[in-house]
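# Structure at a glance
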Amino acid sequence: MMETFSQRTVEGLKSYTLFRLALPPFQSFLDINVDKEVEKDRQVILQAAGLLQSGARPDSTHVTALLQQAREIDHAFVRKAALFPVDIQIQYQDIEHYRQQRIELLLHASYRILGQWQNLSSFRAAVNALYEQAQFQELLHKILSLYAMETRMLSRSVRIPHLLSLARDAVTQTISKVMQQETEALARSLAHVVYRR
């Protein structure tokens with residue numbers, strides 16, 4: 001889902017001349033950025049599976065631990081990003097409110113779906129048993145929207161010369177606009193795939 005979201009966002013940005021010119025040199029940067037988000041989500045799903053196996057239920061202590069794991073993944077990303085002409089100093093006070101909500105949603109949804117899946121033949125059947133199509137679409141939309149908001153706030157962590165800060169704000173607004181458009185379209189598309197007969 002995150003890889004598709006990133007690809008759709010990049011395609012949407014290509015309609016803007018500035019991004020069409022700037023994206024090719026930064027494609028590798030975008031790729032490692034997506035990889036870190038996929039890894040964070042993987043950790044959340046693994047945590048849900050581990051809790052299910054042990055008979056425990058997800059709670060705030062698990063969310064706190066996952067937030068710490070996400071920070072460690074971020075630190076590895078920043079080390080890799082040092083190869084690119086950007087300076088990233090992540091301001092966690094700007095993003096962790098959104099990140100925590102996203103982790104909580106994904107953790108609880110994964111726990112429920114994996115639990116249901118134990119008694120059914122497929123992921124699709126498990127989701128169908130738990131959610132109406134509109135509910136599942138709304139869940140995906142919330143998760144993607146929180147990620148888009150986190151990304152918007154994260155833009156403040158990229159250090160650039162002061163004279164370019166107005167340009168950064170314009171770029172951030174454009175990226176946020178495209179990401180928000182894609183959250184709804186992708187959530188609808190994914191829900192359709194899961195619920196199609």
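Described in the following lines is the structure provided in the data block.

So, how was this worked out
- Residues numbered from 1 in each chain as written.
- Predicted model: local features only at pLDDT ≥ 70, side-chain atom pairs only at ≥ 80, totals over all residues.
- Heavy atoms only, no water.
- Helix = DSSP H or I, 4+ residues; strand = E, 2+ residues; numbered from the N terminus.
- Contact = heavy atoms within 4.5 Å.
- Buried < 20%, exposed > 50% of the residue type's maximum accessible area, 1.4 Å probe, protein only.
- Phe/Tyr/Trp six-rings, centres within 6.5 Å; stacked < 30°, edge-to-face > 60°.
- Lys NZ or Arg CZ within 6 Å of the ring centre and 35° of its normal.
- Salt bridge = Lys/Arg side-chain N within 4 Å of Asp/Glu carboxyl O.

Turning our eyes to something else, we now look at the environment of Y16. Tracing the sequence through the fold places Y16 in the loop between α1 (2-13) and α2 (17-22). Residues Y16 and T174, spaced 158 residues apart in sequence, show a C-alpha to C-alpha distance of 8.9 Å. Excluding residues within four positions of it along the chain, Y16 makes contact with T174, K177 and V178.

Attention shifts here to the side chain of S145. Tracing the chain through its elements places S145 in helix α7 (residues 133-154). A relative accessible area of 17% means that S145 is categorised as buried. Excluding anything up to four places from it in sequence, S145 contacts Q180 and T183.

Below, the discussion takes up the packing of aromatic side chains. How two aromatic rings sit relative to each other is given by the distance of their centres and the angle of their planes. By the definition in use, this model includes four aromatic pairs. Plain terms: the ring middles of Y131 and F136 are 5.8 Å apart, the flat faces sit at 45 degrees to each other, and that makes the pair tilted. Comparing Y131 with F136 shows no difference in burial state: the two are buried. Between F136 and Y195, the ring centres sit 6.1 Å apart and the planes meet at 55 degrees, which makes this aromatic pair tilted. Of this pair, F136 sits in helix α7 while Y195 sits in helix α8 (residues 165-195), and the two are 59 residues apart along the sequence. In textbook terms, an aromatic cluster arises when at least three aromatic residues are bridged by ring pairs, as seen for Y131, F136 and Y195. Over the face of the ring belonging to Y92 we find R71, whose NZ or CZ atom lies 4.0 Å from the ring centre. Directly above the ring of Y131 sits R112, whose terminal nitrogen or CZ lies 5.3 Å from the centroid.

With that settled, the discussion passes to the pattern of salt bridges. Using the criterion set out here, one finds twelve salt bridges in the structure. The partner of R8 in a salt bridge is E182, with the nearest N and O atoms 3.7 Å apart. In this pair, R8 sits in helix α1 while E182 sits in helix α8, placing the two residues 174 residues apart along the sequence. The shortest N-O distance in the salt bridge between K40 and E37 comes to 3.0 Å. Taken together, the residues K40 and E37, both in helix α3 (residues 27-54) and three residues apart, mark about one turn of the helix. Here K40 matches E37 in class, with each residue buried.

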